[in-house]
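Spelled out, the chains give:
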Amino acid sequence: AQKITQTQPGMFVQEKEAVTLDCTYDTSDPSYGLFWYKQPSSGEMIFLIYQGSYDQQNATEGRYSLNFQKARKSANLVISASQLGDSAMYFCALLPLSGGSYIPTFGRGTSLIVHP
Amino acid sequence: GAVVSQHPSRVICKSGTSVKIECRSLDFQATTMFWYRQFPKQSLMLMATSNEGSKATYEQGVEKDKFLINHASLTLSTLTVTSAHPEDSSFYICSARDHGRPNTEAFFGQGTRLTVV
């Protein structure tokens, strides 16, 4: 069974500052992927960043980076230089890559509000 | 990146009628599609896994006869909410994974906001 935990229901950050959104996970699969998605008020799910369990380096995509600590089973999202448009819900997801199910599990989400 | 198109984006229907929501993968083959339901300010709740050419696998507590899923081709899955009631009002969103690239993210449709009056 897979489990994703996002303990921060809401976060506030000043524009241009960095913010870290927490995500911890639990899985028995030896191979898995971790994803972060952004969901603005319009409802669409926007893919941000991906980290494979066997990747040696932490993933980065522009202002987004993933602080992957495998031993601690954490995959925190770091957004640098926050912008007003970053205000949205953020979801962490776990995808098992062995065993053939490939069914992703989502966390409860974190609401991020960026202040001017 | 891969694109998943979901239609309609918004629908208002009368209680007792049925509503069909389409989910299409535009530039890749999706042997598996997922249907989610999302209540306001909550996470995505997996309703069912749709497999091309076979019956969908429903999550516990989801009524199969209420939420009919058909995955007739490698690029199209449909969700039909039958005899809709106001409590079925919600945000429904589909996602698909690229069969040719298993180690990649799930691509989401734009979502459908259903209101039953």
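Residues numbered from 1 in each chain as written. Chains lettered and ligands numbered in written order. Predicted model: local features only at pLDDT ≥ 70, side-chain atom pairs only at ≥ 80, totals over all residues. Heavy atoms only, no water.

Draft legend 1. Inspection of the overall build of chain B at higher detail. Along chain B, the regular secondary structure elements total 0 helices and 11 strands. In chain B, the succession of α and β elements from N to C terminus is β-β-β-β-β-β-β-β-β-β-β. Against the globule reference of 13 Å for 117 residues, chain B gives a C-alpha radius of gyration of 13 Å, in line with a compact fold. Residues counted as buried form 51% of the 117 residues belonging to chain B. (Helix = DSSP H or I, 4+ residues; strand = E, 2+ residues; numbered from the N terminus. Rg over C-alpha atoms; globule rule 2.2 N^0.38 Å. Buried < 20%, exposed > 50% of the residue type's maximum accessible area, 1.4 Å probe, protein only.)

Draft legend 2. Spatial organisation of the packing of aromatic side chains. All names here are of chain A. On inspection of all chains with the given rule, the structure shows 13 aromatic pairs over all chains. Ring plane angle 65 degrees and centroid distance 6.0 Å describe the contact between tyrosine 37 and phenylalanine 47, whose orientation is recorded as edge-to-face. Pair noted here: tyrosine 37 is in strand S5 (residues 32-39) and phenylalanine 47 is in strand S6 (residues 46-52), with a separation of 10 residues, a long-range link. Here the aromatic rings of tyrosine 37 and phenylalanine 106 are separated by 5.9 Å at their centres, their planes lie at 50 degrees, and the arrangement is tilted. (Phe/Tyr/Trp six-rings, centres within 6.5 Å; stacked < 30°, edge-to-face > 60°.)

Draft legend 3. The arrangement of the sheet that holds strand S8 (residues 76-81) of chain B in detail. All names here are of chain B. The strand order across the open sheet built from 4 strands is S1-S3-S8-S7, with neighbouring strands paired in antiparallel fashion. The sheet terminates laterally at strand S1 (4-7) and strand S7 (67-73), the two strands that pair on one side only. Ignoring which end each strand starts from, the neighbouring axes of this sheet average 15 degrees apart. (Pairing = 2+ DSSP bridges. Axes fitted to C-alpha atoms, helices over the stretch in contact; angles between N-to-C directions.)

Draft legend 4. A look at the interface of chain B and chain A. Opposite the 19 residues of chain B that make contact, chain A presents 19 residues. Carbon and sulfur atoms make up 63% of the surface buried where chain B meets chain A, a total of about 1,500 Å² over both sides. At the junction of chain B and chain A, the tally comes to 3 residue pairs in polar contact (both at pLDDT 80 or more). When residues of the side of chain B that touches chain A are traced back to their parent elements, those giving at least two are strand S4 (32-38), strand S5 (44-51) and strand S9 (90-96) of chain B. (Contact = heavy atoms within 4.5 Å. Buried area = accessible area lost by both parts, 1.4 Å probe. Polar contact = N/O pair within 3.5 Å; in protein donor to acceptor, adjacent residues only side chain to side chain.)

Draft legend 5. A look at the side chain of serine 74 of chain A. Following the sequence through the fold, serine 74 of chain A ends up in strand S9 (residues 74-79). For serine 74 of chain A, the contacting residues outside a window of four places in its chain are Cys23, Thr24, Tyr25, Asn67, Phe68 and Gln69 of chain A.

Draft legend 6. Structural view of unusual backbone geometry. The omega torsion of the bond from histidine 7 of chain B to proline 8 of chain B falls at 0 degrees, within 30 degrees of zero and hence cis. When you line up the elements, proline 8 of chain B lands in the loop between S1 and strand S2 (10-13). One non-glycine residue, lysine 16 of chain A, lies in the positive phi region at around 80 degrees. Summarising the element assignment, lysine 16 of chain A is placed in the loop between strand S2 (10-14) and strand S3 (19-21).

Draft legend 7. Representation of the state of the cysteines in the model. A full pass over the atoms with the stated rule returns 2 disulfides over all chains. With its sulfur 2.0 Å from that of its partner, cysteine 23 of chain A forms a disulfide with cysteine 92 of chain A. What sets the handedness of the cysteine 23 of chain A and cysteine 92 of chain A disulfide is the S-S torsion sign, and at about -65 degrees it is left-handed. In this pair, cysteine 23 of chain A sits in the loop between S3 and strand S4 (24-26) while cysteine 92 of chain A sits in strand S10 (residues 88-96), placing the two residues 69 residues apart along the sequence. Take cysteine 92 of chain A: its relative accessible area is 0%, and that puts it in the buried class. The disulfide partner of cysteine 23 of chain B is cysteine 94 of chain B, and the gap between their sulfur atoms is 2.0 Å. Around the S-S axis, the bridge from cysteine 23 of chain B to cysteine 94 of chain B shows a dihedral of about 80 degrees and counts as right-handed. Here cysteine 94 of chain B lies in strand S9 and cysteine 23 of chain B lies in strand S3 (residues 19-25), a separation of 71 residues in the sequence. (Disulfide = S-S within 2.5 Å.)

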